[in-house]
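Descriptive structure summary
Spelled out from the first residue to the last, the chains are:
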Amino acid sequence: MANAASGMAVNDDCKLKFLDLKAKRTYRFIVFKIDEKLKQVIVETLGEPNLTYDDFAASLPTNECRYAIYDFDFVTEENCQKSKIFFIAWSPDTSRVRSKMLYASSKDRFKRELDGIQVELQATDPTEMGLDVIRGRAN
């Protein structure tokens, strides 16, 4: 188990599930949370490959911070099927200040554990990570 600078370790399951998403496309998305009692980042939700972006957005709590990975499929102007792996730091304005600080201080260390992230987004409300934003950042 890796030890984060903020004191938050990263549960090995986080890395294993991310590798499954990246290599085998086993999941459409993964939502991670910091378990303050265990002092580590753990997997909270696994989204099946057939789920949509709306399912992903609905899986994020409205007033708690989370980290998320979303595998976005799209077609380029040249008509090529492509995929980009997004890292989303979800930190809603309504979440506790302590929680925001904890997630902010652990983010870089956690991201380093997940090799293969292509695009990073920071979102404080749903409009900052809407499908139009995702599409715009994917190209």
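A short tour of the structure in this document, coming up.

Rules and cut-offs
- Residues numbered from 1 in each chain as written.
- Predicted model: local features only at pLDDT ≥ 70, side-chain atom pairs only at ≥ 80, totals over all residues.
- Heavy atoms only, no water.
- Pairing = 2+ DSSP bridges.
- Helix = DSSP H or I, 4+ residues; strand = E, 2+ residues; numbered from the N terminus.
- Core = buried A, V, L, I, M, F, W, Y, C linked by side-chain atoms within 4.5 Å.
- Buried < 20%, exposed > 50% of the residue type's maximum accessible area, 1.4 Å probe, protein only.
- Polar contact = N/O pair within 3.5 Å; in protein donor to acceptor, adjacent residues only side chain to side chain.
- Contact = heavy atoms within 4.5 Å.
- Phe/Tyr/Trp six-rings, centres within 6.5 Å; stacked < 30°, edge-to-face > 60°.

1. Notes on the pairing of strand 6 (residues 81–90)
When strand 5 (residues 66–75) meets strand 6, the two strands line up antiparallel, connected through ten bridges. Bridge pairing links Ile69 to Phe87 in strand 6. Where strand 5 folds back on strand 6, the antiparallel hairpin that results is connected by five residues, among which Asn79 adopts a positive phi of roughly 65°. Across five bridges, strand 6 lies against strand 7 (residues 119–123) in parallel orientation. Of the residues in strand 7, the one forming a bridge with Trp90 is Ala123.

2. With respect to the nonpolar core
The biggest cluster of nonpolar side chains holds 20 residues, and the ones touching the most others in it are Phe32, Ile34, Val41, Tyr67, Ile69 and Phe110. Taken together, the elements giving at least two residues each to this core come down to helix 1 (12–24), strand 3 (29–35), strand 5, strand 6 and helix 3 (97–113). Core analysis: the second largest hydrophobic core is formed by 18 residues, Phe72, Ile88, Met129 and Ile134 among them.

3. Points about the side chain of Arg66
With respect to the helices and strands, the residue Arg66 is situated in strand 5. With relative accessibility at 6%, the residue Arg66 sits in the buried group. A distance of 2.7 Å separates a polar atom in the side chain of Arg66 from a polar atom in the side chain of Glu44. In this structure Arg66 touches Val31, Phe32, Lys33, Glu44, Leu60, Pro61, Ile88, Ala89, Trp90 and Tyr103, once residues within four positions along its chain are discounted.

4. Notes on the packing of aromatic side chains
In total, this model carries eleven aromatic pairs according to the counting rule given. Taking 5.1 Å as the distance between ring centres and 90° as the angle between the ring planes, the aromatic pair formed by Tyr53 and Tyr70 counts as edge-to-face. With Tyr53 in helix 2 (residues 53–58) and Tyr70 in strand 5, the pair connects residues that are 17 residues apart, well separated along the chain. Comparing Tyr53 with Tyr70, the two get one shared label, buried. Measuring from centroid to centroid gives 6.2 Å for Phe72 and Phe86, while their planes differ by 85°, and the two rings are edge-to-face. You can see Phe72 sitting in strand 5 and its partner Phe86 sitting in strand 6, a full 14 residues away along the chain. Owing to a relative accessible area of 6%, Phe72 belongs among the buried residues under this scheme. A network of ring pairs unites the aromatic residues Phe32, Tyr67, Phe87, Tyr103 and Phe110 as a single cluster.

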